[in-house]
Amino acid sequence: MQVLKQFWRQITVTVIFIGLVIGFVVLLATNNTAIANVNIRSGPGMSYAIEDATSKGTKVHIMKRKNNWLYVRYADHKFGWIASWLVNEHNSQLTKTTKISEATIVLDPGHGGSDSGALSSKGKMEKTYTLRVAKAVAKKLRAAGAHVVLTRDSDEYVGLSARPAIANKLHADAFISFHFDSSPEKNTASGITTYYYHKSTSLALAKALNNNVSTLPIPSKGTDFGDFLVIRDNSRPSVLMELGYINDKSDFKTISSKKYPQEVAHAVYAGLSTYFANQ
């Protein structure tokens, strides 16, 4: 009887061992192809040092995941971290990387749902135009390979605290909140202002974006400190952009045009490209 127990114990141990080996082999066989020229870093994020880069057709074996980054084995016995959205398990359309491809960017269309935001002289709601702009910017950035998250993608109410919380949770590389300004008296103010709160983390982002809004049809008023919750309670590089005065007749004509969201998208893309190139 004792011999039989020992026999079954050995069988059980052998089966468990084989299962572990098979599991490990399957893990290593999680084989994906990285896009060419993707940085391989020492840790899960853009702040970590670049140690290598992929070449065309580089096979990566996923070992573990953290903060939307993958710890991979490649070239037989090399290891490092790569952005998860730059391997073909997530993105089969992107064929080359850009300066912003590794970035996680949170876009925040101001207001929404029961919160209309400011009103134009004819009662048009700010929330409508912030969402239009955010969607256009998101499309442009995603086409360049960036990982983009919107705090809302429809006409829904999202609390103020929840918006920076998304950026903090995702360890976002940039957070941009889109708004339109309003003056006490209509047709008395015009212009675009880019606000930051935390100078050490966000002033460089504000300046990079501001330098490129000069291409927009509404004049820039520059950067400024702004005590807004969505950037004050944000530990990530974050700005709030007032993209014109909704209750100014001239500004609103531009704001409500079909091409303005695309123009903003091009300006934001250029600003972010400059910003990440200098990080």
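Above this note sits the structure.
Conventions we followed
- Residues numbered from 1 in each chain as written.
- Predicted model: local features only at pLDDT ≥ 70, side-chain atom pairs only at ≥ 80, totals over all residues.
- Heavy atoms only, no water.
- Axes fitted to C-alpha atoms, helices over the stretch in contact; angles between N-to-C directions.
- Helix = DSSP H or I, 4+ residues; strand = E, 2+ residues; numbered from the N terminus.
- Parallel < 35°, antiparallel > 145°, perpendicular 65-115°, else oblique.
- Left-handed = near helix turned anticlockwise from the far one by under 90°.
- Contact = heavy atoms within 4.5 Å.
- Nonpolar A, V, L, I, M, F, W, Y, C, P; charged D, E, K, R; others polar.
- Pairing = 2+ DSSP bridges.
- Phe/Tyr/Trp six-rings, centres within 6.5 Å; stacked < 30°, edge-to-face > 60°.
- Buried < 20%, exposed > 50% of the residue type's maximum accessible area, 1.4 Å probe, protein only.
- Lys NZ or Arg CZ within 6 Å of the ring centre and 35° of its normal.

Asker: Can you walk me through the packing of helix H2 (residues 126-143) against helix H7 (residues 260-277) in this structure?
Answerer: A packed helix pair is summarised by two numbers, namely the angle formed by the two axes and the spacing between the axes. Running from N to C, H2 and H7 point in directions that differ by 50 degrees, and their axes come no closer than 8 Å. Overall, the two elements H2 and H7 adopt an arrangement that is oblique. H2 and H7 meet at a crossing whose hand is right-handed. Counted together, Arg132, Val133, Ala136, Val137, Lys140 and Leu141 of H2 and Pro261, Gln262, Val264, Ala265, His266, Val268, Tyr269 and Leu272 of H7 form the full contact between these two elements. Partitioned by chemical class, the residues of the contact of H2 with H7 number 10 nonpolar, 2 polar and 2 charged.

Asker: What is the right way to look at the sheet that holds strand S11 (residues 220-225) in this model?
Answerer: Note: strands within a sheet are paired through backbone hydrogen bonds, in either parallel or antiparallel orientation. Strand order in the open sheet made by the 6 strands is S8-S7-S9-S12-S10-S11, with mixed pairing throughout. With one partner strand each, in any of the chains shown, strand S8 (147-150) and S11 form the two edges of the open sheet. Sheet twist, expressed as the average angle between the axes of neighbouring strands with direction ignored, equals 20 degrees. Pairing between strand S7 (residues 104-109) and strand S9 (residues 174-181): 5 bridges, direction parallel. Its bridge partner lying in S9, Pro109 is registered against Phe178. Helix H3 (residues 162-170) contacts S7, S8 and S9 of the sheet and is inclined by roughly 175 degrees relative to S7. The strands that helix H4 (residues 199-212) touches are S9, strand S10 (192-196), S11 and strand S12 (238-245); relative to S12, the one it contacts most, it runs at about 35 degrees.

Asker: Just checking my understanding: could you explain the packing of aromatic side chains for this structure?
Answerer: By convention here, two paired aromatic rings are described through the distance between centres and the angle between planes. Per the counting criterion, the structure on display carries 8 aromatic pairs. Where Tyr71 meets Trp81, the ring centres are 5.2 Å apart and the plane angle is 50 degrees; that geometry is what we call tilted. Taken as a pair, Tyr71 in strand S5 (residues 69-74) and Trp81 in strand S6 (residues 78-83) lie far apart in primary sequence, 10 residues in all. Judged by relative accessible area, Tyr71 falls into the partly exposed class, the value being 24%. Over the ring of Tyr71 we find Lys64; its NZ or CZ atom is 5.4 Å from the centre of that ring. Positioned above the aromatic ring of Tyr269 is the side chain of Lys140, whose terminal nitrogen or guanidinium carbon lies 5.1 Å from the ring centre.

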